[in-house]
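Secondary and tertiary structure notes
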Amino acid sequence: MHDEPDHSPTSSTDAAPRHGSDQWLDGLSPATRVVAGGREPRVPGGSVGSPLVHTSTYHADGDVVYARSGNPTWTAFEATLGSLEGGLATAFASGLAAVDAVLSLVPLGGVVVAPASAYNGVVGTLDHRAVRGELTVRYVDVTDTAAVSAACEGADLLWLESPTNPLLEVADLPALTRSGHRAGALVACDNTFATPILQRPLEDGVDVVVHSVTKYLAGHSDVILGACVTGTGDTAADLTERLRVHRTLRGAIPGPAETWLALRGMRTLALRVERAAATAAFLAGRLRDHPAVERVRYPGWGAMVSIEIAGGPEAADRVCGATDLWVHSTSLGGVESQLERRRRIPLEPTTTPENLIRLSVGIEDPVDLWSDLSRALDLA
Ligand SMILES: *Cc1c(COP(=O)(O)O)cnc(C)c1O
């Protein structure tokens, strides 16, 4: 295991400023934490909203000296997400920057076990590193617990994603985490699709949770941001420190404005996920009965549904082109419902069927959503 020697522009304490542990929230439910996390202290006349701090530097002799290693807006966002996941959060410039930070924990030439059907950017970055000889990847079927466990032998990192994007496969997180740890591997889980409202992998023993904050957490399709969350034990604090040193030295930092938008969006996460998940359950039921739909992939929870179109990729493209309310675009997790045939993207792993449309269910009226989608499916 390695990281850069500590020649950061600030001391190591400066690289890990005020974790904002928000301990008073312990025992409160996620729906409460998401609203009250990172709140400004109760000072008469002080602001209730978190300030958006635009600065590159600070008056000397404080905790943080330069804004590449810390920003109060990051701190408020990190305190809220950390409280939700039950650990210490570190914000990054994008979800992929957070993935990159976790991969920096793998020693040069190390072995990574990852789902063959992981998010295409994750497969892309793993392959990119493998070609450069930086690491070896063992791709697995993440639903085959025995096969994944066997592949962990001699691995440095077990990368999990559950549910997967876009196949919506669900991994047995507690069992796989035990297997990873037994083999001496670090275990990371991309929790973007589930969100901490529905799944908290640190509770299953996972070492690092990764988020594309761009999706549900920020929730309004207006920002790119990422985050890692580690647990709260001594080893986890050391991991957080290494991730923060990586962020500072690689400059993988989020902008304060993006972070502020993400925090503002995250305040309604519980409401949005609850609404979108209820609508997804309703739509999954209707979709199963539509003749144009060959297969519905829906884990029984969450707000993502994937469908395979009986008429093949051309028919799937017709559906995507025919909706008015559903937005034909890549990405997911916003307030607006979105759909996309994933194999349109050249980077998409071939594990994704050509006729698969990924549906990201938003918070619009469920009946309006079904009317629009069923009308488009009738044209398939
Ligand atoms: C979008 C996504 C990412 C990458 O996040 P960006 O914010 O786009 O960099 C990683 N994992 C999953 C599951 C995603 O959907």
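If you're wondering where the values come from, they're calculated on a predicted model, not measured in any experiment.

Below, the discussion takes up unusual backbone geometry. For the bond running from Ser 162 to Pro 163, omega is -10°, close enough to zero to count as cis. Put simply, Asn 165 and Pro 166 share a cis peptide bond, and its omega is 5°. Among the secondary structure elements, Pro 166 is positioned in the loop between β4 (157-161) and α7 (173-182). At Ser 331, a position not held by glycine, the phi torsion is positive, near 80°. Assignment of secondary structure puts Ser 331 in the loop between β10 (327-328) and β11 (338-341).

Take α7 next. Residue pairs three or four apart in sequence face the same way in an α-helix, which turns once every 3.6 residues. Looking at α7, one finds that the buried residues are Leu 173, Ala 175, Leu 176, Thr 177, Ser 179 and Gly 180. Next to the buried residues of α7 lie α6 (145-151), β4 and β5 (186-190). Between a side-chain oxygen at the N-terminus of α7 and the backbone nitrogen of Ala 175 the separation is 3.3 Å; the capping residue is Asp 172. Downstream of α7 by one or two residues, Gly 184 has phi in the positive range, about 85°.

Attention now goes to the site of the ligand. Looking at the ligand, the residues that line it are Ser 94, Gly 95, Leu 96, Tyr 119, Asn 165, Asp 190, Thr 192, Phe 193, Ser 212, Thr 214, Lys 215 and Leu 225. Within the side chain of Ser 212, an N or O atom sits 2.9 Å from an oxygen atom of the ligand. Take Lys 215: an N or O atom from its side chain is 2.8 Å from an oxygen atom of the ligand. When atom positions are compared with the pocket grids, the ligand is found to occupy the largest pocket.

Turning our attention to the confidence of the model for the chain. In this model, the chain carries a mean pLDDT of 94, and residues with pLDDT of at least 70 account for 94%. With pLDDT under 50 throughout, residues 1-20 is counted as low confidence; its partners more than four residues away or in other chains account for 49 contacts.

With that settled, the discussion passes to the layout of surface pockets. Volume-wise, the largest pocket comes out at about 380 Å³. What lines the largest pocket is a set of 25 residues, among which Gly 95, Tyr 119, Asn 165, Ser 212 and Lys 215 lie closest to the centre. For the lining of the largest pocket, the secondary structure elements donating two or more residues are α4 (95-103), α5 (120-131) and β6 (208-212). Residues of the lining of the largest pocket, tallied by class, amount to ten nonpolar, ten polar and five charged.

Per the domain assignment, the segments of the chain are domain 1 (72-266) and domain 2 (269-379). Using only C-alpha atoms to locate each centre, domain 1 and domain 2 end up separated by 25 Å. Roughly 2,400 Å² is buried in total at the junction of domain 1 and domain 2, and carbon and sulfur atoms are behind 66% of that figure. Connecting domain 1 to domain 2 are zero salt bridges. Applying the counting rule to domain 1 against domain 2 returns ten residue pairs in polar contact (both at pLDDT 80 or more). Listed by contribution, the elements that provide at least two residues to the side of domain 1 that touches domain 2 are α5, α8 (195-198) and α10 (256-266). With four residues, the top contributor of residues to the side of domain 1 that touches domain 2 is α8.

Moving on, we come to the environment of Pro 313. The residue Pro 313 is located in helix α12 (residues 312-322) in this model. Its relative accessible area of 24% is what places Pro 313 among the partly exposed residues. Residues within four places of Pro 313 in sequence aside, it is in contact with Arg 341, Glu 354 and Asn 355.

Inspection of every chain in the model, using the stated rule, returns 17 salt bridges. As a salt-bridge pair, Glu 203 and Arg 200 come within 3.1 Å of each other at their nearest N and O atoms. A relative accessible area of 23% means that Arg 200 is categorised as partly exposed. For Asp 238, the salt bridge goes to Arg 242, with nearest N and O atoms at 3.9 Å. With a gap of four residues between them, Asp 238 and Arg 242 both fall in helix α9 (residues 234-250), about one helical turn apart.

Rules used throughout
- Per chain, residue numbering runs from 1 following the sequence as it is written.
- Reporting in this predicted model follows two pLDDT cut-offs: at least 70 for local features of residues, and 80 or more for side-chain atom pairs to be given and counted; totals over whole chains, interfaces and linings ignore these cut-offs and use all residues.
- As a rule here, side-chain values come from all non-hydrogen atoms in the structure, and water together with hydrogens is ignored.
- Segments assigned H or I by DSSP are reported as helices when at least four residues long, segments assigned E as strands when at least two residues long, and all are numbered from the N terminus.
- In this scheme, a residue with accessible area under 20% of its type's maximum is buried, one over 50% is exposed, and one in between is partly exposed, where area comes from a 1.4 Å probe on protein chains only.
- Any pair of residues with heavy atoms lying within 4.5 Å of one another is described as a contacting pair.
- For this analysis, a polar contact is any N or O atom pair within 3.5 Å, provided that within protein one partner can donate a hydrogen and the other can accept it, and provided that sequence-adjacent residues contribute only side-chain to side-chain pairs.
- If even one non-hydrogen atom of a residue comes within 4 Å of a molecule or strand, that residue is called near it.
- Note on definitions: the grid is 1 Å and covers protein atoms alone; a cavity is a set of points where a 1.4 Å probe fits but cannot get out; a pocket is an open set with protein on both sides within 12 Å along at least five of seven lines; lining residues have an atom within 4 Å of a point.
- Grid points define the cavity or pocket, and a molecule sits in it when more than half of its atoms lie within 2 Å of them.
- Confidence scores labelled pLDDT are given residue by residue by the predictor and lie between 0 and 100.
- Grid points are joined across faces, edges and corners, and a volume is the space filled by probe spheres set on the points.
- Classification used: nonpolar for Ala, Val, Leu, Ile, Met, Phe, Trp, Tyr, Cys and Pro, charged for Asp, Glu, Lys and Arg, polar for all others including Gly.
- What fixes the domain bounds is an automatic or database domain assignment.
- Two parts lose some accessible area (1.4 Å probe) when they are put together, and adding that loss for both gives the buried area.
- Every case where a carboxyl oxygen of Asp or Glu lies within 4 Å of a side-chain nitrogen of Lys or Arg is listed as a salt bridge.

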